[in-house]
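Understanding the architecture of this molecule
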Amino acid sequence: MTTADSKTQDPAGRLLLIDGHSLAFRSFYGVPPENFVTASGQYTNAVYSFTNTLLGQIRAEKPTHIVVAFDLSGPTFRTEQYQEYKGGRAETPAEFAGQIDLIKRLLHALNIPWVTVESYEADDIVATMTARGKDAGFEVLIISGDRDSFQLVGDGVTLLYPVTSGPSKGIRRMGPAEIEEKYKVPPHLYPDLAALTGEQADNLPGVPGVGPGFAAKWLNEYGDLAGVLENQDKIKGKKGEALRENVDAVLRNRKLNRLVDDLELPITLDDMDDYGPNHDELNALFDELEFNTIRKRVSETFADREAEAAAQVDMTMGQTQSIETAAEFTAWLEVASSAIESVERATAVPTRLEDAITVFPVADTDAPEAGNAREKQLLGMMLGAGSGAAWIDLVDIQPDTEKVVGEWLSDPSSAKTVFDVKQQYKNFHARGFELAGVLEDPMLSSYVLGYIPTARRRTFTAMMEDLSEQYLRDAFPAEPSAETAVQGDLFATEPVINLEYTALVTRYIQELSYVLHQELENQEQLALLETMELPVARVLAQMELAGIALDADALADLKSHYDSHIKQATETAYSIIGHEVNLGSPKQLQAVLFEELELPTTRKLKSGYSTDAESMADLLTRINPDSDGAQFLQALGTYRDYTKLKQTVEGLGKATAADGRVHTTFQQNATSTGRLSSIEPNLQNIPIRTEEGRKIRAAFVVDPKPVDGTEYVSLLTADYSQIEMRIMVHLSQDEKLIQAYRDGEDLHRFVGSQVFGVEPEDVTSEMRAKVKAMSYGLAYGLTKFGLSKQLGVSVEEASKLTVNYFQRFGKVGRFLRNTVKDANKAGYTETMFGRRRVLADLGSSNRQRREAAERAALNAPIQGTAADIMKIAMINVHERLESEKLKTRILLQIHDELILEVAPSEEERAREILEQEMSGAVELLVPMDVQAGTGNSWHAAGH
DNA sequence: TTGTTAGCGTA
DNA sequence: GTACGCTAACAAT
């Protein structure tokens, strides 16, 4: 079976055509020559910019084929027909001399072919290649700054138009829609339009007084140029007259701007797909040109391509063997590694994965889930090794086979790769197997490399589609429709498994494993996978399986308690305005507040004015506290507070599984900073700030006798105190703040005393609150406007506060500035442990986007380092609990807090381990203070 | 049924 | 001013 079916609509390849002279000229004018001159006096600005554009487009568009066309200096068929063609052009600048030849040498070093044709222009070559590419089913991309190439644009043909100045400097991608948008005619009519208006660059005058607007109007009215000329007498006014007087010129223009697309070329498509750097030749040329920074771009650009080339694997599968006996299984494993080797790949299998078997468990999607825990009943698993595959039925498996398979699965020295290792730990656990020895998980590796699926692409298939396209350059095949498999047996009770397809899926997981593992290695990110993500996945699986117990009765009481408050508030609200209104509808609220009650308006939203809590609080300060409006707002606030709490409680109730516990899912590949996220339900946003909210935490309880048979006596919680502040202080190396933390001082009091110039004991709570807000704000990329709003002080005072702060703690300011600067340079930020976040908007010309990216760049290393530290702590806590054979287990992580369920007689030891491993997860210049507590509930354990 | 907006809970 | 996920209302189907 191959993937051919799914590829029929895909282009056979992607052909990049470059008008060499045109791009060279654009490049020349895009970069000032003064900065690019070698010791020998050779100008290189055009070469440099050309190279940059070329590499950028190779990277962005990932063409499979590339060719460059150049003009020749002699006469062309156009100059023969019209002497003045391209006449009157200014002399080529002296600085340009020789740069075309250098570009040709560059192309040679990159093994990119270039073409010229006697008495034709580069444009005609491009047109001819476009036609050839289309015939061969290719997607065609043209880089040219010549407007004549507009006529080539169409379905599957895109123009990459260099814009050398202005705000949108760079390459503009122009498809038919963009051309039509700009000129109001479809691409194929552009030459008609140009014939009418004339082309300054080619010294072709058109109809005087007729610009693109009128030309487009006429063309749209009469269909095309022929239509316009047929109807020339109908066109009134000066412009009509001018047209009639210049018909000859128009016809001449049209003749000259028609590109020739059937030239004989000395080259075919097959000669264009083998591009790539000859490193020795290229280095020699770069030495000569005195190019340095660009070298790295070359290796980066082609590292991508080489990795992709590596993935160009024939996805043909061999026979899928159904394994029944232990002997068959053992025998299959023995030949597996040779099956891996036997597949041809452009790049070798990473050494660590040479013997790795890909394990793809197949769950019964129709079976009811076990409670609300999402582990599914396993029907079997496919094992993949190169083109070989083995299916092991886990429903009707023989006991001795089961034993051998179980041993292999749990053997850490038997290397494996799986997709979504956390889910597989859970799946196998539910089936009574333990999984160990997983060295690679493409889901986690792709996350480390920056891939975060959108919410609606978080399914296995969608992620495989995305990753196969990005890393294998191959479409992930869709499962053949089940209809054919069922063959009329509509009442089949046995689930039907398409083994052929399952084997192919396994193969994709395996090839992704190789490519992603190699890519992690190339990008020096492998340690993050091996020492952090893979180990923490195991901890998370255990946590999700454990879940946390809820006191159902307490929850029910809470709900009715909240309900009565909601009822009360609702009635009050209605009685004030004299009618009912849906207090949950911002739209209806707007009508009541701003029309009926005629309250002052708040900040604008997309439609209408905001009714959020902040706006309402602000309104309350502006109106008479005894007015109807104020009373209504009070009731609304109460309604909202309690509704929110009730929804939280209801959500928890719905999420409670048969074992009386909630089993959240910790998503390990969802955040841009490296944090976890918690879904279904989200247990990372359980209220704590208000007394009423904290009651919910009291319903998270220790379950003395959970179904697993072990006894538990308490919940134990520990959180890092001010971890992000400490990280910021560590990274900034500010001596004063480091000392303050080492002395165990109240940080905000200390900072307050410095900023306000008073003794620490004289810092008022107001002062403390201000510096606290500012300290936290700093890590979020605070602005003086944001601070003034937060503190309710003037922008001037906020500004003064900031200045004072940085005067006292200059290294913090320097650190923050450097963080953004480094991010700008690299295009990404890095945590202390090397976790990266790519920020594409850093160089954006859009100020809003750029500044948002800068704030994110400020925050990512801080938040991300905290996330890394917590992951390390979790791995170590879990490891200690296991190695010391404790039954105490981790249940939840809330970013800087861990919650454990403690077994009898383990309270003291568990607390020691937790405090030790959390505070000792990393050595910083400041201590990692940890606060722990125990109790029968989450609320009671929290201090 | 699906997608978007407003609002709000957490670190 | 960073990073998340969930609910309800409402619009678009």
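Here, residues in each chain are numbered from 1, in the same order as that chain's written sequence. Labels follow written order: the first chain is A, the first ligand is 1, and so on. Residues qualify for local features only when their pLDDT is at least 70, as the model is predicted, and side-chain atom pairs are given and counted only at 80 or more; totals for whole chains, interfaces and linings, by contrast, use all residues. Each side-chain value is derived from all of the structure's non-hydrogen atoms; neither hydrogens nor water enter the calculation.

Numbering goes from the N terminus for both helices and strands, where a helix is a DSSP run of H or I of at least four residues and a strand is a run of E of at least two. Helix and strand counts for chain A stand at 37 helices and 25 strands. Projecting the C-alpha coordinates of chain A onto the three principal axes gives extents of approximately 100 × 85 × 65 Å. With a 1.4 Å probe rolled over the protein chains alone, any residue whose accessible area is under 20% of its type maximum counts as buried; one over 50% counts as exposed, and the rest are partly exposed. Here chain A, with 943 residues, has 52% of them falling under the buried criterion. The contact rule is simple, with two residues in contact once any of their heavy atoms fall within 4.5 Å. Of all intrachain contacts in chain A linking residues separated by at least 6 positions in sequence, the fraction that spans at least 24 positions is 69%. Here the accessible surface of atoms and residues is derived via Shrake-Rupley with a 1.4 Å probe, and residues count as covered only by protein chains that are part of the display. Accessible area of chain A: about 43800 Å², with a carbon and sulfur share of 48%. Note that His is not counted, nor are the chain ends; the positive residues are Lys and Arg, and the negative ones are Asp and Glu. To locate a charge, take NZ of a lysine, CZ of an arginine, CG of an aspartate or CD of a glutamate. When the 95 basic and 143 acidic side-chain charges of chain A are each reduced to a single mean position, those positions are 7 Å apart.

The next thing to look at is the packing of aromatic side chains. Geometry of aromatic contacts follows a simple scheme: Phe, Tyr and Trp rings, the Trp one being its six-membered ring, pair when their centres are within 6.5 Å, and the pair is stacked under 30 degrees between planes, edge-to-face over 60, tilted otherwise. Here the structure, examined in full by the defined rule, presents 26 aromatic pairs. With centroids separated by 5.8 Å and ring planes inclined at 45°, the aromatic side chains of Phe-286 and Phe-291 adopt a geometry described as tilted. Grouping residues by exposure puts Phe-286 and Phe-291 together as buried. Aromatic side chains Phe-419 and Phe-460 sit 5.2 Å apart centroid to centroid with 85° between the ring planes, which places their arrangement in the edge-to-face category. Placement of Phe-419 in the loop between β13 (416-417) and α17 (421-430) and of Phe-460 in helix α19 (residues 460-472) is noted, with a sequence separation of 41 residues between them. Two conditions define a charge sitting above a ring: the NZ of Lys or the CZ of Arg must be within 6 Å of the ring centre, and it must be within 35 degrees of the ring normal. Cation over ring: Lys-104 sits above Trp-114, and NZ or CZ is 4.5 Å from the ring centre. Sitting over the ring of Trp-938, Arg-697 keeps its end group 4.1 Å from the ring centre.

Bringing the environment of Ile-235 into the picture now. Structurally, the position occupied by Ile-235 is in the loop between α10 (225-230) and α11 (237-245). Residue Ile-235 is classed as buried on the basis of its relative accessible area of 8%. Along the primary structure Ile-235 and Leu-633 are separated by 398 residues, whereas in three dimensions their C-alpha atoms are 67 Å apart. With near-sequence residues (within four places) excluded, Ile-235 lies in contact with Trp-218, Tyr-222, Val-228, Gly-240, Leu-243 and Arg-244.

This part covers the nonpolar core. It is characteristic of soluble globular proteins that their nonpolar side chains tend to be buried jointly. Counting residues in hydrophobic clusters, the biggest one holds 154 residues, and the most contacted among them are Leu-383, Phe-700 and Tyr-720. At 12 residues, helix α22 (residues 526-546) tops the list of elements feeding residues into this core. The next biggest cluster of nonpolar side chains, apart from the first, holds 53 residues, and it includes Val-126, Val-250, Val-260 and Leu-269. Nine residue types can take part in a nonpolar core, namely buried Ala, Val, Leu, Ile, Met, Phe, Trp, Tyr and Cys, and a core is a set of them joined through side-chain atoms within 4.5 Å.

This part takes up the sheet that holds strand β12 (residues 388-393). Strand pairing is assigned whenever DSSP detects at least two bridges linking the two strands. Within the open sheet, the 6 strands sit side by side as β9-β12-β11-β10-β13-β14. Their pairing is mixed. Whereas interior strands pair on both sides, the edge strands pair on one side only; in this sheet they are β9 (320-323) and β14 (438-440). Direction of pairing for strand β11 (residues 378-385) relative to β12: antiparallel, over a ladder of 6 bridges. Considered in β12, the bridge of Met-381 is made with Ile-392.

If a single non-hydrogen atom of a residue is within 4 Å of a molecule or strand, that residue counts as near it. Ser-585, Ser-677, Glu-680, Leu-782 and Arg-837 are the nearest of the 30 residues found near DNA strand C. Looking at DNA strand C alone, sugar and phosphate atoms form 76% of those within 4 Å of the protein. Within 3.5 Å is the distance limit for a polar contact, defined as a pair of N or O atoms, with the added protein rule that one can donate a hydrogen and the other accept it, and that residues adjacent in sequence qualify only through two side-chain atoms. One of the side-chain N or O atoms of Ser-585 is found 2.5 Å from a phosphate oxygen in DNA strand C. In the environment of DNA strand C, a phosphate oxygen lies 2.9 Å from a nitrogen or oxygen atom belonging to the side chain of Lys-587. Those elements giving two or more residues to the surface near DNA strand C turn out to be α24 (586-596), α26 (628-655), β18 (677-679), α32 (784-791) and α35 (847-883). Here the surface near DNA strand C gets 4 residues from one element, more than from any other, and that element is α35. Residues were grouped as follows: Ala, Val, Leu, Ile, Met, Phe, Trp, Tyr, Cys and Pro as nonpolar; Asp, Glu, Lys and Arg as charged; and all remaining residues, including Gly, as polar. Partitioning the surface near DNA strand C into residue classes produces 6 nonpolar, 18 polar and 6 charged.

Around DNA strand B there are 22 residues in total, and Thr-611, Ala-613, Ile-688, Arg-689 and Asp-896 lie nearest to it. With respect to DNA strand B, the side chain of Arg-640 contributes an N or O atom lying 3.5 Å from a phosphate oxygen. Separating a base oxygen of DNA strand B from a side-chain N or O atom of Lys-644 is a distance of 3.0 Å.

What follows covers the pairing of β11. Most of β11 is tucked away: 8 of the 8 residues are buried. Where strand β10 (residues 357-363) lies against β11, 6 bridges are found, and the strand directions are antiparallel. When the sheet's bridge partners are listed, Pro-361 is paired in β11 with Met-381. The loop that links β11 with its antiparallel partner β12 comprises 2 residues; one of these, Gly-386, has a positive phi angle of about 55°.

Here the focus is the domain arrangement of chain A. Domain start and end points were adopted from an automatic or database domain assignment. Per the domain assignment, the segments of chain A are domain 1 (13-177 + 258-303), domain 2 (316-547), domain 3 (573-606 + 616-661), domain 4 (670-721 + 849-943) and domain 5 (723-848). Placing a centre on the C-alpha atoms of domain 3 and another on those of domain 4 gives a separation of 33 Å. Every contact between the two is made by 8 residues of domain 3 and, on the other side, 14 residues of domain 4. Both sides of the domain 3 and domain 4 interface together cover about 810 Å² of buried area, and 73% of this is carbon and sulfur. We define buried area as the total accessible area lost by two parts upon association, computed with a 1.4 Å probe and summed across both. Interface area lost by domain 3 to domain 4 is led by Leu-645, Leu-652 and Arg-661, which between them contribute 59%. Salt-bridge detection follows one rule: a side-chain nitrogen of Lys or Arg within 4 Å of a carboxyl oxygen of Asp or Glu. At the junction of domain 3 and domain 4, the tally comes to 1 salt bridge. As a salt-bridge pair, Glu-901 and Arg-661 come within 2.6 Å of each other at their nearest N and O atoms. Summed over the shared surface of domain 3 and domain 4, the number is 1 residue pair in polar contact (both at pLDDT 80 or more).

Time to look at the sheet that holds strand β15 (residues 548-550). The strand order across the open sheet built from 3 strands is β16-β15-β19, with neighbouring strands paired in antiparallel fashion. Since the sheet does not close on itself, it has two edges, and those belong to β16 (661-662) and β19 (700-701), each with one partner. Note: β15 against β19, 2 bridges, orientation antiparallel. In the sheet register, Leu-550 faces β19, and the bridge partner there is Phe-700.

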